[in-house]
Amino acid sequence: MGTSYNPLYDPERDGHPVVLTLPRAIERARKVLDEKAQANIHDRDEMIRAATGLDCVLRDLLAAFDKESGR
């Protein structure tokens, strides 16, 4: 049975072919976190953009960590 929505993340569609270095992933995560902290919590569209942006950098950060730790 299919879902009636599009998930935030689909590994087949959204997988990352390039994994950043851990220092670069950390730098990018900090930058996006600072940017998204300015989003208007009462603006639905801004919150959606913040959630998707933070999801992306968190996945990049974990991929970089896994690569560095040999997982």
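Peer 1: If you had to explain the overall build of the protein chain to someone new, which residues and values would you point to?
Peer 2: Scanning the protein chain from terminus to terminus reveals three helices and zero strands. Beginning at the N terminus, the succession of helices and strands in the protein chain can be written as α-α-α. Taken over the C-alpha trace, the protein chain has a radius of gyration of 14 Å; the compact-globule value for 71 residues is 11 Å, which it surpasses by more than 25%. For the C-alpha atoms alone, the extent of the protein chain along its principal axes is close to 40 × 40 × 15 Å. Looking at the protein chain as a whole, 14% of its 71 residues are labelled buried. Only carbon and sulfur atoms are counted for the fraction: they give 55% of the accessible area of the protein chain, which is about 5900 Å². Charge separation in the protein chain, taken as the distance between the mean sites of 11 positive and 13 negative side-chain charges, equals 2 Å.

Peer 1: So what's going on with helix α2 (residues 22–36)? Residues and values would help.
Peer 2: For α2, with 15 residues, the first-to-last C-alpha span of 21 Å sits near the 21 Å given by 1.5 Å per residue. Buried within α2 we find Leu-22, Ala-25, Ala-29 and Val-32. One side of α2 holds all its buried residues, which, seen down the axis, span an arc of 90 degrees. In this structure, α2 carries Pro-23, Glu-27, Arg-30, Lys-31 and Asp-34 as exposed residues pointing more than 90 degrees from its buried face.

What counts, and where the lines are drawn
- For every chain, the first residue of the written sequence is number 1, and numbering continues from 1 onward in sequence order.
- Residue-level local features of this predicted model are given only where pLDDT is at least 70; pairs of side-chain atoms are given and counted only at 80 or more, and the full residue set underlies all totals for whole chains, interfaces and linings.
- Think of the side-chain values as coming from all heavy atoms in the structure, minus any hydrogens and water.
- Secondary structure elements follow DSSP: runs of H or I no shorter than four residues count as helices, runs of E no shorter than two count as strands, and numbering proceeds from the N terminus.
- Our radius of gyration is a C-alpha quantity, and the globule rule it is checked against amounts to 2.2 Å times the number of residues to the power 0.38.
- Only protein chains enter the area calculation, which uses a 1.4 Å probe; residues under 20% of their type maximum are buried, those over 50% are exposed, and those in between are partly exposed.
- Method for areas: the Shrake-Rupley scheme with a 1.4 Å probe, in which residue coverage is limited to the protein chains shown.
- Neither His nor the chain ends is counted toward charge; the positive residues are Lys and Arg and the negative residues Asp and Glu.
- Each charge is placed at NZ for Lys, CZ for Arg, CG for Asp and CD for Glu.
- A helix is expected to reach a length of 1.5 Å times the quantity of its residues less one.
- Arc, as used here, means the arc of the directions from the helix axis to the C-beta atoms.

Read these as spatial facts, not as claims about activity.
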